[in-house]
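Overview (structure and organization)
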Amino acid sequence: MPYPQELKDYIKQVESTRPERVERKRRGEEFASLSLDGREERLKSYHPDYKDDALRDIRVGVSKGYGISPEIVDTLEARSRIDPDRIEFDEVDHEADVLVIGGGGAGGAAALMAAKQGAKVIIATKLRLGDANTMMAEGGIQAASKIHSDSPYWHYLDVMGGGHFTNDPDLVKTLVSQAPKVMSWLEGLGAMFSKDPDGSLRTMHGGGTSRKRMHYAGDITGAEIMRTIRDEIRNHPERIEILEFSPAVELILDENGVASGAVLYNLDTREYVIVRAKAVVMATGGSGRLHMRGFMTTNHYGATGDGLVMAYHAGVPLVFLHSVQYHPTGIVFPEQAEGLLITEKFRGAGANVVNVDGEQFVYEREPRDVEAASIIRECSDDMHKGVPTPTGKVGVWLDSPMLEMLHGPGYVRKEFPGKYILFRRYNIDVAKEPMLIYPTLHYQNGGVEFKPDGATVLDGMYAAGEVSGGVHGENRLMGNSLLDVTVFGRLAGESAAEYASKRDLPSGMNLDHLRKYHEELDKTGIETERVAPVILPDYTNPDVKERQVVIAP
Amino acid sequence: MVSQTIPVEVISEKSGGSAEVTLVPIHVMGRRYMVPSDLTIMKAMEYAGYQFTRGCGCRGGICGACGTVYRLPDSHRVEVALACQEIVKPDMFLSQLPFFPQNKAVYCIEELDVDEGTLAALYPEIFKCIGCGTCTRSCPQDIEVMDYMAAAIRGDIARVAELSFDCVMCGLCIARCPAEEAQPLVAILARRIYGSHIAPRAQHLQERVQQIDDGRFEDDLNELMKKDLVELKELYVGREKEPDMPDPNWRPTDSSYL
Ligand SMILES: Cc1cc2nc3c(=O)[nH]c(=O)nc-3n(C[C@H](O)[C@H](O)[C@H](O)COP(=O)(O)OP(=O)(O)OC[C@H]3O[C@@H](n4cnc5c(N)ncnc54)[C@H](O)[C@@H]3O)c2cc1C
Ligand code: SF4
Ligand code: SF4
Ligand code: FES
């Protein structure tokens, strides 16, 4: 679907203002960024999180009374997917020191570090190892690696400011001080980061950074990290067992209420599987596939927030889930690619965001939530400055061709091969034509409460990655999440291995916490057919579903 | 909000466009379904009633879970696609190939002796390649697979790494190779060797790690952690910003916290 004539006409507006915008950029003149008060005002008026009905109080469990996205509350106010009375523990199917739930970046890093400590590890994951949000990250990973222009100090300030100063300082300190180490670890594993000929890592800006500290591997940074970690995991078959298509459904506790394994579900045979473990790392990632507020999402197919539910059933509090991250730049046209992410690196490299008249209306590197709210505002009935698509949507332009003027011809193709190829499939050349974008559901800012070493209030359970909350406060900056998952994944893996080494094989495995949870649901008067965790989104055509029947064996 | 869609992706596709939806026939593993003509293969299968457990991962063209082969009635050729990326074609006969067996060599990347023979030592079957080019024709990522295999045989690890960089490890080339190669496994080995042994290590990174190990930023960070909100905001607003235009020699005027 190349751009139809009406969009091509709108593009002329962008072209007409481009030379001047490029000139300004060359002179170092930027569109004024919003003041802190201005940001707050913008968010209050236009960010989806701030809408009246955006949040709903949870009525059961440890975080009762905490208002978060209704879609997540629905999964918490559901019954467990399993009936505790039907699960038998006489036969344990798998045994490990450390069970890692989730085969993304955090789970992968945890498994490698736990194995390095000598633990016997099982990774149980929903789809294939590496089918994860980590695989999809494009833009980059932050670390203050440049010794003459940056330091963990500046990184810390950027993280805090991005998160509206709500972040947990201990977690942020750990994040920024471990960052260079993690980069060095990944380099040693052979991840091919973009480098200068002398080996210096290339870096660029991202939204909310004061220094260029975004490291990248072409425009498939997450894939490069994930496939490297995955390959390394498979180099340790004697220590790490991989169970794919085996989502965890609930945690198992022992007689003292210590996490002691999990009930898995074999997606192929539909049986349950019991894993007994001395420690568990929860690393199930995000929840974009719950489609909060009906938004399209960038997330992978398995991002259904299962870890939140499992941990919550076992008494782990949830934090920072009241804010959800909308990525400012999701594709709105062509329709087939709807929701897919346009990496922030385009804006990091200097691409302007402009409205239907080709005018700038926001500095392109505001923190994500502010950038997204500004785009929503521009397209709203208040401003009427969005670009209408033939399919009845609205977006604004991300002016990629100006990068060719700023950095030389061929730049877009070379630095953004993935997006270049994607659009080429639809006969759109993003080196010559801008991209039409609108915010898309992207990242679960919050999650289970945890400490820098991964520990949670539930003994024996550690958490890392997108499933957790606190590192990014109310808003994550680009490039800090790949960092988060590797930093805290590694730490959680080490801590879990350490914990496991001091513990006997669990006995008295049970699911009493589910019985209690169900009782509380009943007492609160919550009657529901819903079950959770969600495991897989259902996009089956409803007309077909209507006609589906079960034929008895 | 204009760009919102309802959760059911296929429905958003259906209602997104004009009211008229053109339906075309596709054949999923031999069975015929009528599906909207502008859906990707993946969404078309969901429209037809499938709920994926296998063959679906990122839905964004990068994880390689959804490799698909198909034929069109008027050609003898076997075509390939990533189901999440390619739009259906009328009368296509398709099957997903979500898994193909492959034996990964196990190695310790740090301790590998790296020379022209390293790839062949771990994957001796690379010499069996007959240069037929089927792999290149089978790659949904348009990668010159045969060329990187040829580079592997020559022992040119850097070239394999470069040529294979966009490989999503879908395995379609493996499935169709008459010499029973495991191309993506050779490729990732080459990339990892390139990244860890051939490309020069980042010197500044080593220095920074050393500084951190020496505790250089401890006091600075502890000081920051103690600041109250007002002070912190002030520091934040006053941050000096590195300019956009590339300048490797840029230095901040305040170098006290470096
Ligand atoms: C399109 C996109 C682009 C992004 N770009 C960037 C970027 O440029 N920089 C950056 O820093 N961050 C980026 N992010 C964010 C970042 O990639 C993720 O937040 C991060 O990778 C999450 O890692 P994780 O290991 O916590 O979760 P994931 O990588 O999602 O891994 C979670 C794993 O757990 C599995 N799982 C889920 N439920 C269960 C269950 N019940 N049982 C067992 N396993 C389960 C999943 O299948 C998955 O394999 C991006 C995210 C997306 C979606
Ligand atoms: S398909 Fe196999 S034999 Fe043919 S060129 Fe590729 S690797 Fe060689
Ligand atoms: S090289 Fe092979 S495995 Fe890699 S993307 Fe191409 S066909 Fe798939
Ligand atoms: S689902 Fe990941 S490449 Fe298609």
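Not measured: the values here are computed from a predicted model.

**Brief notes about the confidence of the model for chain B**
Residue and element names in this part refer to chain B. Here chain B averages 91 in pLDDT, while 92% of its residues score no lower than 70. Note on residues 1–19: pLDDT under 50 across the span, and 54 contacts to partners over four residues away in sequence or across chains. Reported confidence for the predicted complex is 0.93 by ipTM and 0.93 by pTM.

**Description of the site of ligand 2**
In the vicinity of ligand 2 lie 14 residues, with Cys129, Cys132, Gly133, Cys135 and Cys177 of chain B positioned nearest. In terms of residue class, the shell around ligand 2 is built from nine nonpolar, four polar and one charged.

**What about the packing of aromatic side chains?**
Taken as a whole and judged by the stated rule, the model has 13 aromatic pairs over all chains. A ring pair is formed by tyrosine 153 of chain A and tyrosine 257 of chain B, whose centres lie 3.7 Å apart and whose planes are at 0 degrees; its orientation type is stacked. Separated into two different chains, tyrosine 153 of chain A in helix H6 (residues 152–162) and tyrosine 257 of chain B in the segment after helix H11 (229–237) make up a pair that spans both. Exposure class is identical for tyrosine 153 of chain A and tyrosine 257 of chain B. Each is buried. Taking 6.2 Å as the distance between ring centres and 75 degrees as the angle between the ring planes, the aromatic pair formed by tyrosine 33 of chain B and tyrosine 50 of chain B counts as edge-to-face.

**Thoughts on unusual backbone geometry**
The general pattern is negative phi for most residues beyond glycine and trans for most peptide bonds. Across the junction of phenylalanine 333 of chain A and proline 334 of chain A, the peptide omega takes the value -5 degrees, indicating a cis bond. Mapping proline 334 of chain A onto the fold places it in the loop between strand E14 (324–331) and helix H10 (345–348). Geometrically, the link from alanine 532 of chain A to proline 533 of chain A is a cis peptide bond, its omega value of 0 degrees lying close to zero. Secondary-structure assignment places proline 533 of chain A in the loop between strand E22 (531–532) and helix H17 (542–547). Not every positive phi belongs to a glycine, and arginine 59 of chain B is a case in point at roughly 60 degrees.

**Points about a positive patch on the surface**
All names here are of chain B. Residues Arg71, Arg77, Arg137 and Arg176 make up a contiguous surface patch of positive charge. Following the sequence through the fold, arginine 176 ends up in helix H7 (residues 172–176). Judged by its relative accessible area of 32%, arginine 176 falls in the partly exposed class.

**Some thoughts on the domain arrangement of chain B**
Residue and element names in this part refer to chain B. If you check the domain split of chain B, you get domain 1 (4–96) and domain 2 (109–198). Between domain 1 and domain 2, the contact holds 12 residues from the first and 10 residues from the second. Across the interface of domain 1 and domain 2, roughly 760 Å² is buried in total on both sides, 68% from carbon and sulfur atoms. There are zero salt bridges connecting domain 1 and domain 2. Taken together, domain 1 and domain 2 are joined by zero residue pairs in polar contact (both at pLDDT 80 or more). Secondary-structure elements contributing two or more residues to the side of domain 1 that touches domain 2 are strand E3 (67–71) and strand E4 (79–82).

**Details of a negative patch on the surface**
Together, Glu88, Asp90, Glu91, Asp93 and Glu271 of chain A give the surface a local cluster of negative charge. With respect to the secondary-structure elements, aspartate 90 of chain A resides in the loop between strand E3 (79–80) and strand E4 (94–101).

**What about the packing of helix H7 (residues 169–189) of chain A against helix H8 (residues 221–233) of chain A?**
All names here are of chain A. Close contact between H7 and H8 brings their axes to 10 Å; oriented N to C, the two are set at 65 degrees. Handedness of the H7/H8 crossing: left-handed. Between H7, through Trp185, Leu186 and Leu189, and H8, the contact on the second element is made entirely by Ile225, Thr228, Ile229 and Glu232. A per-class count over the contact of H7 with H8 returns five nonpolar, one polar and one charged.

**Re the environment of aspartate 254 of chain B**
Positionally, aspartate 254 of chain B belongs in the segment after H11. Sequence-wise, aspartate 254 of chain B and isoleucine 143 of chain B are 111 residues apart; in three dimensions their C-alpha atoms are separated by 47 Å. Apart from residues lying up to four places away in sequence, aspartate 254 of chain B is in contact with Trp154 of chain A together with Glu240 of chain B. Looking at aspartate 254 of chain B, its side chain comes within polar contact range of the side chain of serine 256 of chain B, at 2.3 Å.

**Some words on the domain arrangement of chain A**
Residues and elements named next belong to chain A. With domains assigned, chain A is organised as domain 1 (5–50 + 324–441) and domain 2 (79–132 + 220–323 + 445–501). The distance between the C-alpha centroids of domain 1 and domain 2 comes to 35 Å. Taken residue by residue, the interface counts 21 residues in domain 1 and 17 residues in domain 2. Approximately 1,600 Å² of surface area, both sides summed, lies buried where domain 1 meets domain 2, with 59% of it carried by carbon and sulfur atoms.

**Here we look at the sheet that holds strand E2 (residues 31–36) of chain B**
Residue and element names in this part refer to chain B. Strand order in the open sheet formed by five strands is E2-E1-E5-E3-E4, and the pairing between neighbours is mixed. Among the strands making up the open sheet, the edge pair consists of E2 and E4. If you compare each strand with its neighbour and ignore which way they point, the axes differ by 35 degrees on average. One ladder, built from two bridges, connects strand E1 (residues 23–28) with strand E5 (residues 93–96); its direction is parallel. Across the sheet, valine 28 pairs through a bridge with leucine 94, a residue of E5. Helix H2 (residues 41–48) rests against E1, E2, E3, E4 and E5 of the sheet, and its axis sits at about 110 degrees to E2.

Conventions and cut-offs
- Residues numbered from 1 in each chain as written.
- Chains lettered and ligands numbered in written order.
- Predicted model: local features only at pLDDT ≥ 70, side-chain atom pairs only at ≥ 80, totals over all residues.
- Heavy atoms only, no water.
- pLDDT = per-residue confidence, 0-100.
- Contact = heavy atoms within 4.5 Å.
- Near = heavy atom within 4 Å.
- Nonpolar A, V, L, I, M, F, W, Y, C, P; charged D, E, K, R; others polar.
- Phe/Tyr/Trp six-rings, centres within 6.5 Å; stacked < 30°, edge-to-face > 60°.
- Helix = DSSP H or I, 4+ residues; strand = E, 2+ residues; numbered from the N terminus.
- Buried < 20%, exposed > 50% of the residue type's maximum accessible area, 1.4 Å probe, protein only.
- Patch = residues over 30% accessible without salt bridge, like charges linked within 9 Å, V, L, I, M, F, W, Y side chains within 5 Å.
- Areas by Shrake-Rupley, 256 points an atom, 1.4 Å probe, with all protein chains shown as cover.
- Salt bridge = Lys/Arg side-chain N within 4 Å of Asp/Glu carboxyl O.
- Lys, Arg positive; Asp, Glu negative; His and termini not counted.
- Charge placed at Lys NZ, Arg CZ, Asp CG, Glu CD.
- Domains from an automatic or database assignment.
- Buried area = accessible area lost by both parts, 1.4 Å probe.
- Polar contact = N/O pair within 3.5 Å; in protein donor to acceptor, adjacent residues only side chain to side chain.
- Axes fitted to C-alpha atoms, helices over the stretch in contact; angles between N-to-C directions.
- Left-handed = near helix turned anticlockwise from the far one by under 90°.
- Pairing = 2+ DSSP bridges.

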